Structure formats: structure tokens, C-alpha cells
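Notes for the structure review
So the chains spell out like this:
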Amino acid sequence: MTKYLISFPSEAMVLTDDRLAIADVQSHKVIEEAKAAGVYVFGGGINGQVVPVLVSADRSISPGTYPGSRLDGGFAVLELPSREEAVLWAGKLAAACGCAQELREFMFDPAS
């Protein structure tokens with residue numbers, strides 16, 4: 001089975017407060033469904049109030065990220081038998097969240 005990252009950037013959530021509350025409930029229902037189906041690995045939202053940092057090999061820290069790099073918003077990692085299944089789950093999350101979802105496939109790592 002392959003792990004997939006299903007995510008959205010924070011600016012994609014252009015919702016009224018009422019619709020945001022509904023999206024919260026609906027997206028958690030989809031996550032509960034994924035857990036019940038045994039495909040949920042982990043997920044959550046990136047804390048936008050904590051500044052990301054780059055950590056070098058010597059453990060020095062620089063504020064920020066690689067140029068052009070951005071990871072914010074919400075995400076879920078699911079382990080699924082096919083890309084078609086991943087598209088189905090991404091569609092469920094898109095409907096629940098009220099915004100399109102990005103779908104990425106993790107490369108296989110035999111050591112993990």
C-alpha cells in the first residue's frame with residue numbers, strides 16, 4: 001500500500017464563519033471514516049502562529065523556509081491501495097472542507 005498526502009493551503013479556505021464551523025465538523029467525520037476504514041495514518045493542521053525554521057546539519061537555525069516553499073493549512077496522510085482510492089478520499093475531504101485538495105504520493109521507502 002502507498003501513503004498519500006492530501007492537503008490544502010490556508011488561503012484555500014475562503015469560508016464564512018458559519019461555513020467554517022460546518023467544514024470543521026464535516027472534515028472530522030471524513031477523518032473518522034478513514035480511521036474506521038483503517039487507512040488513516042495521521043493528519044492535522046499546521047500552526048501558522050509558529051514561525052517555521054530551517055535547521056542546518058550543524059544545528060544552526062534560520063527563520064523561514066526554502067524560497068518558494070510553503071506548507072500551511074490542513075493535511076491528512078492516508079495509506080491506500082491505489083491512486084484511484086486516494087482521489088476518492090481527496091474528493092471526500094474537498095467536499096467536507098469546501099475547497100480543492102492537493103494530492104501527493106509518498107515514494108516507497110523499504111526502511112520505513
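The numbering scheme is per chain: residues are counted from 1 as the chain's sequence reads. At least 70 in pLDDT is required for a residue's local features to be given in this predicted model, at least 80 for side-chain atom pairs to be given and counted, and no such filter applies to totals for whole chains, interfaces and linings, which use all residues. Only heavy atoms go into the side-chain values, all of them from the structure, while hydrogens and water stay out.

**Notes on the overall build of the chain**
When helices and strands are tallied, the chain shows two helices and six strands. Strands are runs of DSSP state E lasting at least 2 residues, helices are runs of H or I lasting at least 4, and numbering of each runs from the N terminus. For the chain, the succession of helices and strands along the chain, N to C, is β-α-β-β-β-β-α-β. Along the three orthogonal principal directions, the C-alpha set of the chain runs to about 45 × 40 × 20 Å. Accessible area is worked out with a 1.4 Å probe on protein chains only. A residue is then buried under 20% of its type maximum, exposed over 50%, and partly exposed in between. Burial status across the chain gives 25% buried among its 112 residues. Long-range pairs, those at least 24 residues apart, make up 77% of the contacts in the chain with a sequence separation of at least 6. When the accessible surface of the chain is split by element, carbon and sulfur atoms take 59% of a total near 7,700 Å². Here, two residues are considered to be in contact whenever any of their heavy atoms come within 4.5 Å of each other. For every accessible area listed, the method is Shrake-Rupley and the probe measures 1.4 Å; residues are considered covered only by the protein chains on display.

**Topic: the pattern of salt bridges**
When the charged atoms of two side chains lie near each other, side chains of opposite charge can form a pair. By convention in these notes, a salt bridge is any Lys or Arg side-chain nitrogen within 4 Å of a carboxyl oxygen on Asp or Glu. Tallied over the full model, the rule gives six salt bridges. Across the salt bridge formed by Lys3 and Glu79, the nearest N and O atoms sit 3.3 Å from each other. Residue Lys3 is located in strand E1 (residues 2-8), and its partner Glu79 is located in strand E5 (residues 74-80); the two are separated by 76 residues in the primary sequence. Here Arg70 ties to Glu11 by a salt bridge, and the two come within 2.9 Å at their closest N and O atoms. Residue Arg70 is found in the loop between strand E4 (61-63) and E5, and its partner Glu11 is found in the loop between E1 and helix H1 (17-36); the two are separated by 59 residues along the sequence. Take Glu11: its relative accessible area is 46%, and that puts it in the partly exposed class. Connected via shared salt-bridge partners are Glu11, Arg70 and Asp72.

Shape descriptors only; they carry no functional weight alone.
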